[in-house]
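# Fold and contact review
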Amino acid sequence: MKKIFLIGALIISITAITAFTQKSNKNNNLTDNLDCQYGRCSKIKDNGYQCKNCAQESSSYCWSHSK
Ligand SMILES: [Zn+2]
């Protein structure tokens, strides 16, 4: 009876870990690879992070940094 409980707990743990891993992968993809047709804005902001907006067709910057 105890063995069955342990196996059950193990399966639940693996399922939880797998779900968590898939979730973090999804989040990573979202930050690294936005659905920008022309890629991300090249502007590095004052806080050191790259602008998260999409670049425009005619520029490597977004609408707010291309001016
Ligand atoms: Zn920008």
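Residues numbered from 1 in each chain as written. Predicted model: local features only at pLDDT ≥ 70, side-chain atom pairs only at ≥ 80, totals over all residues. Heavy atoms only, no water.

## Here we look at the overall build of the chain
Filter applied, for reference: A run of H or I in DSSP counts as a helix once it spans at least four residues, and a run of E counts as a strand once it spans at least two, with each numbered from the N terminus. Three labels apply to residues, based on accessible area from a 1.4 Å probe with only protein chains included: buried if under 20% of the type maximum, exposed if over 50%, partly exposed otherwise in between. We call two residues in contact whenever any of their non-hydrogen atoms come within 4.5 Å of each other. Per-residue and other accessible areas follow the Shrake-Rupley method at a 1.4 Å probe size, with only the shown protein chains counted as cover for residues.
In terms of helices and strands, the chain carries one helix and zero strands. When each of the 67 residues of the chain is scored for burial, the buried share is 9%. Restricting the contact set of the chain to residue pairs at least 6 apart, pairs at least 24 apart contribute 2%. When the accessible surface of the chain is totalled, it reaches about 6100 Å², and 58% of it is carbon and sulfur.

## Description of the state of the cysteines
To keep it simple, the criterion reads: Cysteine sulfur atoms that pair up within 2.5 Å are treated as a disulfide.
In the structure shown here, the tally under the stated rule is one disulfide. Here Cys 36 engages in a disulfide with Cys 54; their sulfurs sit 2.0 Å apart. Handedness of the Cys 36-Cys 54 disulfide follows from its S-S torsion of about -70 degrees: it is left-handed. With Cys 36 in the segment after α1 (2-32) and Cys 54 in the segment after α1, this pair connects stretches of sequence that are 18 residues apart. Exposure remark for Cys 36: the relative accessible area of 13% places this residue in the buried category. With a relative accessible area of 35%, Cys 54 lands in the partly exposed category.

## Some details on the coordination of the zinc ion
The condition that has to hold: Only nitrogen, oxygen and sulfur atoms within 2.8 Å of the metal, or 3.2 Å for Na, K and Ca, are treated as donors, and water is left out, so sites may look incomplete. In this scheme the shape depends on donor count and angles: four donors with every angle between 85 and 135 degrees give tetrahedral, four or six donors with opposite pairs above 155 degrees and others between 65 and 115 give square planar or octahedral in turn, and any other case is irregular.
Surrounding the zinc ion are the protein donor atoms Cys 41 (SG), Cys 51 (SG), Cys 62 (SG) and His 65 (ND1), which sit 1.9 to 2.3 Å from the metal. Viewed at the metal, the four donor atoms of the zinc ion are separated by angles of 102 to 112 degrees, and the geometry they form is tetrahedral. Mapped onto the sequence, the donors of the zinc ion take the spacing C-x9-C-x10-C-x2-H. One end of the pair, Cys 41, is in the segment after α1; the other, His 65, is in the segment after α1, and 24 residues separate them in sequence.

## Description of the confidence of the model for the chain
The criterion, for reference: pLDDT is a per-residue confidence score from the predictor, ranging from 0 to 100.
Here the chain averages 79 in pLDDT, and 69% of its residues register 70 or above. Contacts of residues 27-31 to residues separated by more than four positions or lying in other chains number two contacts, the stretch itself having pLDDT below 50.

## Comments concerning the environment of Ser 42
Among the structural elements, Ser 42 can be located in the segment after α1. Expressed as a C-alpha distance, the spacing of Ser 42 and Asn 53, which sit eleven residues apart in the sequence, is 9.1 Å.

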